[in-house]
Amino acid sequence: VEALAQKMRAVDGAIEAASFPPPATLVPLNAGGVATVTTGMMSYPNFMGKHRALQYPDLDALYYACDLAGVQCRHVVLTRDPYAVLRSTTMHREFSSRHVAIQMYTTMLDVILVQMLTHRQRLAACWEYGDEPEDGLGELMGWKGDDAGLASFHDAYASLFNGEEEIDLEERLTIVPKELEVYMMSMDMATERVRTTCREILQAQKDAALNA
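Keep in mind it's a predicted model, so treat the numbers as computed, not measured. (Residues numbered from 1 in each chain as written. Predicted model: local features only at pLDDT ≥ 70, side-chain atom pairs only at ≥ 80, totals over all residues. Heavy atoms only, no water.)

J.: Describe the side chain of His75, listing the residues and the values that go with them.
T.: Along the chain, His75 falls in strand E1 (residues 75-79). A residue is classified by how much of its surface remains accessible, and His75, at 12% relative accessible area, is buried. Setting aside its immediate chain neighbours within four residues, His75 contacts Leu59, Tyr63, Met116, His119, Arg122, Leu123, Ala124 and Ala125. (Helix = DSSP H or I, 4+ residues; strand = E, 2+ residues; numbered from the N terminus. Buried < 20%, exposed > 50% of the residue type's maximum accessible area, 1.4 Å probe, protein only. Contact = heavy atoms within 4.5 Å.)

Below you can see the structure in the form of structure tokens.
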């Protein structure tokens, strides 16, 4: 944890030394490890291997390092249609069998829910994969809040995310065979719990700010 805190201090120091006054800079912690074997995308689960179900971000340790470093850290909760997740990971790329995937992703969603509730004050945004960006997401990611800045953000977003077509009933039955429907029901419910709780936490933050 101390080693991570030292790296955070080094980045923070470099930003402060870049100009005066130092720029307000956002540094995505998972961006530096996309093409390496360091952090990956910090997804749930993260990386492959026989212990894949135990490989996911530890927000307790992460925020402890942030506090040690004296830097502000927050997280964005990104969710995706569970059927699209299974299609991507078990049909397009075959990471595992569908039954194993459904059980594992349901567990990961429960982990996300607990972490989100534990660190509710550090939740920055809720984001649904493929949808239009949430209000304020551009500014959160470092774009200026004026018209030109937001237009630039939307152009960048559109170049990376093409959106997802809604999966119809016929395709759902192809993705999840009938014998797995009962397990898929749990994954659906876990996804919706995360989405609903995320929105509730953000709303509570807004209400508290208005009443402060």
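Once the structure has been displayed, the description carries forward.
J.: Please give an account of helix H2 (residues 59-69) that cites residues and values.
T.: For H2, every residue scored as buried is listed here: Leu59, Leu62, Tyr63, Ala65, Cys66 and Ala69. Mapping the buried residues of H2 onto a view down its axis gives an arc of 155°, with all of them on the same face. Its buried side turned inward, H2 meets helix H1 (2-16), E1 and helix H4 (98-118). One or two residues past the end of H2 sits Gly70, with phi positive at roughly 75°. (Arc of directions from axis to C-beta.)

J.: Describe in detail the state of the cysteines, supporting the description with residues and values.
T.: Counted under the stated rule, the structure contains two disulfides. Here Cys126 connects covalently by a disulfide to Cys198, the sulfurs 2.1 Å from one another. Judged by the sign of its S-S torsion, about -105°, the bond between Cys126 and Cys198 is left-handed. Here the residue Cys126 occupies a position in strand E2 (residues 123-128), and Cys198 occupies one in helix H8 (residues 181-211), the gap between them amounting to 72 residues. In this pair, the class of Cys126 matches that of Cys198, namely buried. Taken in sequence order, the bonded cysteines of the protein chain link in the pattern 1-2, 3-4. (Disulfide = S-S within 2.5 Å.)

J.: Go over the packing of helix H3 (residues 82-92) against H4 with me, naming the residues and quoting the values.
T.: The packing of two helices is summarised by the inter-axis angle and the distance between the axes. H4 packs onto H3 with a crossing angle of 140° between their chain directions and a minimal axis gap of 10 Å. Comparing the axis directions of H3 and H4 gives the class oblique. Note that H3 runs across H4; the crossing there is right-handed. Contacts from Val85, Leu86, Thr89, Thr90 and Met91 of H3 reach H4 at Arg98, Ala101, Ile102 and Tyr105. (Axes fitted to C-alpha atoms, helices over the stretch in contact; angles between N-to-C directions. Parallel < 35°, antiparallel > 145°, perpendicular 65-115°, else oblique. Left-handed = near helix turned anticlockwise from the far one by under 90°.)

J.: Pulling in residues and values, what's your account of the packing of aromatic side chains?
T.: One pass over the full model with this rule turns up three aromatic pairs. Judged by centre distance (6.0 Å) and plane angle (50°), the rings of Phe153 and Tyr157 are tilted. You can see Phe153 and its partner Tyr157 sitting in helix H6 (residues 147-160), four residues apart, about one turn around the helix. A relative accessible area of 7% means that Tyr157 is categorised as buried. Members of the aromatic cluster, each reached through a chain of ring pairs, are Trp127, Phe153 and Tyr157. For the cation-ring pair, Arg80 lies above Tyr129, with the distance from its terminal atom to the ring centre recorded as 4.3 Å. (Phe/Tyr/Trp six-rings, centres within 6.5 Å; stacked < 30°, edge-to-face > 60°. Lys NZ or Arg CZ within 6 Å of the ring centre and 35° of its normal.)

J.: Before we move on, can you summarise the environment of Arg80 with the specific residues and values?
T.: Looking at the secondary structure, you find Arg80 in the loop between E1 and H3. With a relative accessible area of 24%, Arg80 lands in the partly exposed category. C-alpha of Arg80 to C-alpha of Arg195: the two residues are 115 residues apart in sequence and 9.6 Å apart in space.

J.: Can you break down the pairing of E2 residue by residue, with the values?
T.: The element E2 is extensively covered by neighbouring structure, given that six of its six residues are classed as buried. For E1 and E2, the ladder comprises five bridges, and the chain directions are parallel. Each residue of the ladder has a partner; that of Thr79, found in E2, is Glu128. (Pairing = 2+ DSSP bridges.)

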